[in-house]
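# Tertiary structure, described
For reference, the chains in residue letters:
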Amino acid sequence: MAIVYKKSNMLTDVPFHYCPGCTHGIAHKLVAEVLEEIGAEGNVVGVAPVGCAVFAYNYFNCDMQEASHGRAPAVATGIKRVLPDRIVFAYQGDGDLASIGMAEIIHAATRGEKITVIFINNAIYGMTGGQMAPTTLEGQKATTCIYGRNPEVNGHPIKVCELLSTLTGPSYIARGALCDAASVRKAKTMIRTAFQNQIDKKGFSFVELLSACPTNWGMNPEQALSYVKNEMQDLYPLGVFKEVK
Amino acid sequence: MKELMKGNEAIAEAAVRGGCRAFFGYPITPQNEIPEYMSWRLFEVGGTYVQAESEVAAINMVYGAAGAGARAMTSSSSPGISLKQEGISYICGARLPCVIVNMVRGGPGLGGIQPAQSDYFQATKGGGHGDYHLLVYGPSSVQECVDIMYNAFDVSDKYRVPVMILGDGMLGQIMEPVELPEFKDLSKLPRKPWATYGDNKGKDRQIVNSLLIEPDVLEAHCHLLEDTYKEIAKNETAFENYLCDDAEVVITAYGTVARIAKSAVNILREQGKKVGLLRPITLYPFPNDEFARVAKQDCVKTFVCTELSLGQMIEDVKLATGMIKPVKFFGRTGGNVMSPEDIVEYVNKEVY
Amino acid sequence: MENKIIIAGFGGQGVQSLGMFIAFASIHDGKEVTFLPSYGPEMRGGTSNCSVVVSDKPVASPIIARPDILIAMNKPSLAKFEPKVKPGGCIIVNSSLIEDKVQRTDVDVYYVDANRLAQEAGNAKTANIVVLGAYTKISGVFTPDVMKAVIEHKFAKKPKVIPANFKAFDLGYALE
């Protein structure tokens, strides 16, 4: 019988710990497939964040480092600078990257570090139980803004791709979504381009993935995917924000 | 012929010769000559340098580079070292070898920029969160900075414990004759089996990590660290005993204060007073056995602990000696430095 | 032999480089030495000083409470350090900028018109080298040949300035 689909070699056999309906699993799968397809096996170091993806080092089947909260781009910088021929990537969530780690991501980007950062934006702090994230939408409820995010009190959500694309250092900045089959396929193309940019030594590359968190959003998985598609994309439009050819 | 070198620059060159190939720093007085020197020097030897966006980022770059198997270091001064403490805790948790230089300035807060020793507690008791220690050296001359720095990566690699060199603004800025050692042959260093070189596949893959969520696993890990510290104490403890064999008064001091105290001992000896100096070279592990041995000498009547702080090392002196002899304290703080004559006056007034 | 020197003046008067010449000469001569500069914001135009200890034996304290020699390049420096000089020690006063006379009677005092002599040497920037010449003569710690070798070495990349510096040194060394 012909095998038409198999799990990527770049994922271990450890079962994911993610909640039902969470899209981290899809993001992991896409990154792993791209790494396999570009022949990165035996030539890659990944950096895991603090957040829901903290155990990513158990899932990616390659050398991994676990960073402290927000510092994955700094850790990846250290790795890439001493191993310039390896593919180095960091995998971060929105609290990790866009709140506590904002300095690290901006500066890794502006230095043009030849690393790839995968940014999971699910507009919530997942691991700590649903607090407001820097990317939480106006009006969106969280445990630290129970009536919905009020800009008067909580400020406005931050658009990371737009912000980073103003810098000279990045070679590729794109935002995809993980809400249906078509968008997942597009997201994979973005991830592949990002890693190819790193291989071509073009500079910093970055893919934001709008993701679902049904558990902390208080939705079922189907509602959550619909929220990504219909609410999040209004504020966070998909597309390529910067590409150095 | 010896070269005249500034402490900070001598440390930087000794680090390069000792195998440092990655430096991550952030400007802060009085240690700026170290990153300035590294910013051009490392590229001459095939190494790398990043001026990080913050001390926080710098120490995490050290984490990444050290985790990837490189000899990596950072340097800073007191407020910057406070910022690095989270990263240092992670580095200790992940058992990564590296070197951290602290050219201490007066605190707390932004404090001042003049020499101080008020980071002794922070350096020797852990500094960040969790059950851990660094291997802390307190060199007292530029040559000793060179000698310690030159071997620091070997020692750190051996135990997988970071080395901290605890200097002060004076040690960083002073110029003295030094003899620089030859370059270490890095090609002879063994591959680090735990490092993420990126070429490990499948079951051989390595994870650099300090997250151990099961209490039993974390406890075992802490015991492993504890065993390592015991091994370090056995093998690496270093001190200088200067004229303590017949001493009635033993002055204790480390770093630059120790050489000021040594001049004081010489003056007091000329006055016919039996005074010696006991100087820890490793601040952690503290030379407990030597302090206990000297305290038990019948001739010893009193210890005088001298520091550029309100009294931090004195706690270790008291613990090590069991306080079987009185331990007095003479210190300056806030960036002020005592002279040998100040120590002489204290000893003559308070002891004799 | 142990020679403890404090050199003080305005930033820009060559106070630190004067101290470093003595330190380099020590190395050249196989002596032990520590050179401790003041550091921080005061280096940018304010007062500047350094402590140099030259010895036959390894130097313990780089901190000097009682200098053997004070080199005062400006008035505030003389006021600050005059009381600290060891009895029987000496003070070299840059009389071009300091009109006051030293009050102490238990020290030897040498007045050096350093800025004028520097002009005479052909380079106004060599006032510190005039004083270096005077120090060399007064202290007797180094021979003039050693100092000149150091001057030559330090200005190796700017050979044009060496003659004026030599002349400045000689003018300082010739003082009674």
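On a predicted model such as this, the values are computed, not experimentally measured, just so you know.

### Focus: the interface of chain C and chain B
Each side of the interface is counted separately: chain C has 22 residues, and chain B has 25 residues. Between chain C and chain B, roughly 1,900 Å² of surface is buried when both sides are summed, and carbon and sulfur atoms account for 72% of that area. Area buried by chain C at its contact with chain B is led by Ile27(C), Tyr39(C) and Ile63(C), which between them contribute 36% of it. Remark: the boundary between chain C and chain B carries one salt bridge. We note a salt bridge from Lys2(B) to Glu32(C), for which the minimum N-O separation is 3.9 Å. Counting the contacts that link chain C with chain B gives seven residue pairs in polar contact (both at pLDDT 80 or more). Broken down by secondary-structure element, the contributors of at least two residues to the side of chain C that touches chain B are α1 (15-28) and β2 (32-37) of chain C.

### A word on the side chain of Asp168(B)
Residue and element names in this part refer to chain B. Position of Asp 168 among the secondary structure elements: in strand β7 (residues 163-168). We note that Asp 168 is buried and unpaired, the nearest opposite charge coming from Arg 259 at a distance of 9.2 Å. A polar contact is formed between the side chain of Asp 168 and the backbone nitrogen of Met 170, at a distance of 2.7 Å. Sequence-distant contacts of Asp 168, defined by excluding residues within four places in its chain, comprise Met 103, Val 104, Pro 115, Ala 116 and Thr 256.

### Here we look at the sheet that holds strand β7 (residues 170-177) of chain A
The eight strands lie next to each other as β9(A)-β7(A)-β8(A)-β4(A)-β3(A)-β1(A)-β2(A)-β9(B), forming an open sheet whose pairing is mixed. This sheet does not close on itself; its edge strands, each paired only once, are β9 (239-243) of chain A together with β9 (207-208) of chain B. Taken strand by strand, helix α8 (residues 181-199) of chain A contacts β3 (87-93), β4 (116-121), β7, β8 (204-210) and β9 of chain A, and its axis lies near 165 degrees from that of β7(A). Docked against the sheet, helix α3 (residues 55-67) of chain B engages β2 (63-66) of chain A together with β9 of chain B, running at close to 155 degrees with respect to β2(A).

Thresholds, definitions, all that
- Residues numbered from 1 in each chain as written.
- Chains lettered and ligands numbered in written order.
- Predicted model: local features only at pLDDT ≥ 70, side-chain atom pairs only at ≥ 80, totals over all residues.
- Heavy atoms only, no water.
- Contact = heavy atoms within 4.5 Å.
- Buried area = accessible area lost by both parts, 1.4 Å probe.
- Salt bridge = Lys/Arg side-chain N within 4 Å of Asp/Glu carboxyl O.
- Polar contact = N/O pair within 3.5 Å; in protein donor to acceptor, adjacent residues only side chain to side chain.
- Helix = DSSP H or I, 4+ residues; strand = E, 2+ residues; numbered from the N terminus.
- Buried < 20%, exposed > 50% of the residue type's maximum accessible area, 1.4 Å probe, protein only.
- Lys, Arg positive; Asp, Glu negative; His and termini not counted.
- Pairing = 2+ DSSP bridges.
- Axes fitted to C-alpha atoms, helices over the stretch in contact; angles between N-to-C directions.

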